[in-house]
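Notes for the structure review
One letter stands for each residue in the lines below.
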Amino acid sequence: MDLELNKQAILTRIAKACEASGRSPASVRLIWVSKTQPVSAVESAIALGARDFGENRVQEALEKFLPQREGIVCRIIGPVQKNKLRKALQVAQAIDTVADLESVNKLEALCEEAGKNLEILFQVNASEEATKSGLSMQEALDFLSSLPEPKRLVYKGLMTIGKNTGNPEDSRACFAFLRNLRDKLFNSQPKFKDFTELSMGMTDDLEIAIAEGSTMARVGTALFGRR
Ligand SMILES: *Cc1c(COP(=O)(O)O)cnc(C)c1O
């Protein structure tokens, strides 16, 4: 496994996908998904210029991303139990899987207590697969529209995981749904003034996700190898 070659290959895929849809490559951030990888892999990635990392589990993030390194962002991209939100806030600059009001309120209170700000993305289960968490497509608009005004939190956008069918085209409708929902909210209420991000696309479907507007590609396997 050659991390540098893998990085180049992914940046090329991102650049080509951007070009194909008339977007700037700078409009897609690469999130290095370092789950299950040792801290040495994180260090190697940082040496190659990686800045944004995604971890699924809070405990693993604490082990690898504390103490915080200057300029390095740890995003939580797996569901977080309510009793782990406090720990998540210790290590993460962003939680991308928020999907219920109690977690929003709890994070707001924890941020206030810690004097911190936190970016959040709301996860939508746009593939409607029972194994995935997130807001249902039917409830998402109403739920998000009725959220409280953020104080310490910054409502940044939406996250989804595409369909796991083996054919990335099958995820296109999920990604398009997310883009439309993001646009609707961004244009609707002041609390969504920062609602610009779409975290969608992974190793197998990042081209489709970028064609549909992704601003964050979450890549694990194609960078670090099979888990
Ligand atoms: C593991 C994971 C990824 C990375 O998937 P790859 O197919 O390995 O690129 C992205 N997003 C989430 C939420 C994940 O759990």
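Presented here is a report on the structure given in the accompanying data block. If you're wondering where the values come from, they're calculated on a predicted model, not measured in any experiment.

What to know about helix α5 (residues 101–114)
Between its first and last C-alpha, α5 extends 20 Å over 14 residues, near the 20 Å set by a 1.5 Å rise per residue. All buried positions along α5 are accounted for by S103, V104, L107, E108, L110 and C111. Buried-residue contacts for α5 involve α4 (85–91), β4 (94–98), β5 (118–123) and β6 (153–159). Between a side-chain oxygen at the N-terminus of α5 and the backbone nitrogen of E102 the separation is 3.3 Å; the capping residue is D100. Positive backbone phi, approximately 65°, marks G115, located one or two places after α5.

Here we look at the layout of surface pockets
One number sums up the size of the largest pocket: a volume of about 670 Å³. Considering the residues around the largest pocket, the lining is formed by 30 residues, among which I161, N164, M202, D204 and R227 are closest to the centre. Of the residues in the lining of the largest pocket, the class split is 8 nonpolar, 15 polar and 7 charged.

A closer look at the site of the ligand
Around the ligand there are 13 residues in total, and K35, T203, R218, G220 and T221 lie nearest to it. T221 is positioned with one of its side-chain polar atoms (N or O) 2.5 Å from an oxygen atom of the ligand. Relative to its unbound accessible area of 390 Å², the ligand is 91% covered by the protein chains. Structurally, the ligand is housed in the largest pocket. Across the shell around the ligand, the residue classes break down as 6 nonpolar, 4 polar and 3 charged.

Scoring rules and cut-offs
- Residues numbered from 1 in each chain as written.
- Predicted model: local features only at pLDDT ≥ 70, side-chain atom pairs only at ≥ 80, totals over all residues.
- Heavy atoms only, no water.
- Helix = DSSP H or I, 4+ residues; strand = E, 2+ residues; numbered from the N terminus.
- Expected span 1.5 Å × (residues − 1).
- Buried < 20%, exposed > 50% of the residue type's maximum accessible area, 1.4 Å probe, protein only.
- Contact = heavy atoms within 4.5 Å.
- Polar contact = N/O pair within 3.5 Å; in protein donor to acceptor, adjacent residues only side chain to side chain.
- 1 Å grid on protein atoms, 1.4 Å probe; cavity = no way out; pocket = protein on both sides within 12 Å on 5 of 7 lines; lining within 4 Å.
- Points joined across faces, edges and corners; volume = space filled by probe spheres on them.
- Nonpolar A, V, L, I, M, F, W, Y, C, P; charged D, E, K, R; others polar.
- Near = heavy atom within 4 Å.
- Areas by Shrake-Rupley, 256 points an atom, 1.4 Å probe, with all protein chains shown as cover.
- Sits in = over half its atoms within 2 Å of the grid points.

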